[in-house]
Amino acid sequence: MESKPPIRLKNISEFHKFWALPKPEHPLISVVDYKHINHSLVDPDQAIIMDYYSIAIKRDLGVKMIYGQESFDFDEGLMFFMAPNQVFKIEKEIRNTTNHAGWILLIHPDFLWNSPLAKTIKKYEFFNYSMHEALFLSEKEEGMIINIIQNIQLEYHSNIDTFSQNIIISQLETLLNYSERFYQRQFITRKIANHKILERIEDLLDTYFNDDLSNKGLPTVKFIAESLNISPNYMSGLLKLLTGQSTQQHIQNKILEKAKEKLSTTNLSVSEIAYELGFEHSQSFNKFFKNKTKLSPLEFRTSFN
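Residues numbered from 1 in each chain as written. Predicted model: local features only at pLDDT ≥ 70, side-chain atom pairs only at ≥ 80, totals over all residues. Heavy atoms only, no water.

## A closer look at the overall build of the protein chain
Part 1 of the argument: Helix and strand counts for the protein chain come out as 11 helices and 10 strands.
Part 2 of the argument: Out of the 305 residues belonging to the protein chain, those deemed buried represent 47%.
Part 3 of the argument: Of the roughly 16300 Å² of accessible surface on the protein chain, a fraction of 50% belongs to carbon and sulfur atoms. (Helix = DSSP H or I, 4+ residues; strand = E, 2+ residues; numbered from the N terminus. Buried < 20%, exposed > 50% of the residue type's maximum accessible area, 1.4 Å probe, protein only. Areas by Shrake-Rupley, 256 points an atom, 1.4 Å probe, with all protein chains shown as cover.)

See the structure below:
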């Protein structure tokens, strides 16, 4: 059956209309209580695209959301972040429940216009994390986040004045900074699972370099992320916390390790080694090796011998 084209909700008013909610009090920012959202209004085969930021804190919704190729059942208290132009679906209810709880904060990019947050919001990488990389909150953390969201709602409920936008943006920055802190806590508290991811990356790179790379080329961050079913940004944030290095640096370290091994234990020429490691040109390999070791491949081989 032919898939339906996605529905694009261009502004917050369209979001409210789509979910049969009252008109928003502010055209560029809105806080919605999940108990007022009827998920049965949505066709499970219908994808949705929103042209604004969404920050959701959810508990016991009784529905599954599909984001990319991943589905997630929102039973526990967690947060999920979406940047504009991302696609998601909502599946049918998986059980009958009247305990839908949570809030969703919608921010149109125009609300941030001419503020520092308009640029710095892009540094918060969790807006590009996958569904299964949502932020699991402790009861205390959940209370803190809900308090900030309610403060934002209270501010735009009040009479809008020249201070309102700056106060709301300040609250939003506080929410994002706390979220970043809580993600760091999540990386730490899930240490065993995270170290297993690190081991899987090492195994994946070892397997990759044991194959014929003449047609595969060098491994990429995207390849590793897709192989492990992790978003590139989440994986990079996790690795930086565990090792202090990004995914790209891990790849480069593995390339360097394999290059040194071949230079010191084989009689292959530099061009042959470059080709075996997936470089298209030996000049690129020479430049990479010298940048990392301050020696050319031949100089390294000579010094080693």
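## A closer look at the packing of aromatic side chains
Part 1 of the argument: If you walk through the whole model with that rule in mind, you get 19 aromatic pairs.
Part 2 of the argument: Aromatic pair Phe15 and Trp19: ring centres 6.3 Å apart, planes at 55°, arrangement tilted. For the residue pair Phe15 and Trp19, the accessibility class agrees, reading buried in each case.
Part 3 of the argument: Grouped by ring-pair contacts, the aromatic residues Tyr53, Phe81, Tyr124, Phe126, Phe127, Tyr129, Tyr183 and Tyr234 constitute a single cluster.
Part 4 of the argument: For the cation-ring pair, Lys216 lies above Tyr208, with the distance from its terminal atom to the ring centre recorded as 3.9 Å. (Phe/Tyr/Trp six-rings, centres within 6.5 Å; stacked < 30°, edge-to-face > 60°. Lys NZ or Arg CZ within 6 Å of the ring centre and 35° of its normal.)

## Some remarks on the pairing of strand β9 (residues 101-107)
Part 1 of the argument: The element β9 is extensively covered by neighbouring structure, given that 6 of its 7 residues are classed as buried.
Part 2 of the argument: Relative to β9, strand β2 (residues 29-33) runs antiparallel, the two sharing 5 bridges. Counted as the bridge partner of Val32 is Ile104 from β9.
Part 3 of the argument: Where strand β4 (residues 53-59) and β9 come together, 7 bridges link them in antiparallel fashion. Counted as the bridge partner of Ser54 is Leu106 from β9. (Pairing = 2+ DSSP bridges.)

## Focus: the pattern of salt bridges
Part 1 of the argument: Counted by the stated rule, this structure contains 7 salt bridges.
Part 2 of the argument: Lys254 is the salt-bridge partner of Glu257, the closest N and O atoms lying 3.6 Å from each other. Residue Glu257 and its partner Lys254 are both found in helix α8 (residues 247-265); the two are separated by 3 residues, about one turn of the helix.
Part 3 of the argument: Residue classification places Lys254 among the buried positions, given a relative accessible area of 5%.
Part 4 of the argument: A salt bridge links Glu276 to Lys262, with the shortest nitrogen-to-oxygen separation between them at 2.9 Å. Placement of Glu276 in helix α9 (residues 270-276) and of Lys262 in helix α8 is noted, with a sequence separation of 14 residues between them.
Part 5 of the argument: The network of salt bridges with common partners includes Glu202, Asp206, Lys254 and Glu257. (Salt bridge = Lys/Arg side-chain N within 4 Å of Asp/Glu carboxyl O.)

## Structural notes on the side chain of His16
Part 1 of the argument: Along the polypeptide, His16 turns up in helix α1 (residues 12-18).
Part 2 of the argument: Here His16 is in contact with Leu21, Pro22, Lys23, Pro24, Ser30 and Val32, once residues within four sequence places are set aside. (Contact = heavy atoms within 4.5 Å.)

## So, helix α10 (residues 282-293)
Part 1 of the argument: Helix length check: α10 (12 residues) gives 16 Å between terminal C-alpha atoms against 16 Å at 1.5 Å per residue, within 8%.
Part 2 of the argument: Restricting attention to buried positions, one finds in α10 the residues Phe285, Phe288, Phe289 and Thr293. The buried side chains of α10 occupy one side of the element, clustering within an arc of 105° when seen end-on. Facing away from the buried surface of α10 by more than 90 degrees, the exposed residues are Gln283, Lys287 and Asn291.
Part 3 of the argument: Directly after α10, the chain includes Lys294, whose backbone phi takes a positive value near 70°. (Expected span 1.5 Å × (residues − 1). Arc of directions from axis to C-beta.)

## Overview of the sheet that holds β9
Part 1 of the argument: Reading across the sheet, the 5 strands line up as β2-β9-β4-β7-β10 and stay open at both edges, with antiparallel pairing between neighbours. This sheet does not close on itself; its edge strands, each paired only once, are β2 and β10 (135-136).
Part 2 of the argument: Against the sheet, helix α3 (residues 139-157) makes contact with β2, β4, β7 (78-82), β9 and β10, and its axis sits at roughly 125° relative to β2, the strand it touches most. (Axes fitted to C-alpha atoms, helices over the stretch in contact; angles between N-to-C directions.)

## Some details on helix α7 (residues 232-243)
Part 1 of the argument: With 12 residues, α7 ought to run about 16 Å at 1.5 Å a step, and its terminal C-alpha atoms sit 16 Å apart, in line with that.
Part 2 of the argument: Regarding α7, the residues found buried are Tyr234, Met235, Ser236, Gly237, Leu238 and Leu239.

## Observations concerning the confidence of the model for the protein chain
Part 1 of the argument: Residues at a pLDDT of 70 or more form 84% of the protein chain, whose mean pLDDT is 83.
Part 2 of the argument: Below a pLDDT of 50 lies the segment residues 66-75, which in the model reaches 42 contacts outside its immediate sequence neighbourhood of four places, other chains included.
Part 3 of the argument: Taken together, the stretch residues 93-97 has pLDDT below 50 and engages in 14 contacts with residues farther than four places along the chain or on a different chain. (pLDDT = per-residue confidence, 0-100.)

## So, the pairing of β2
Part 1 of the argument: Within β2, 5 of the 5 residues are buried, which leaves the element mostly enclosed by the surrounding structure.
Part 2 of the argument: Of the two faces of β2, both are covered, the one formed by Ile29, Val31 and Asp33 as well as the one formed by Ser30 and Val32.

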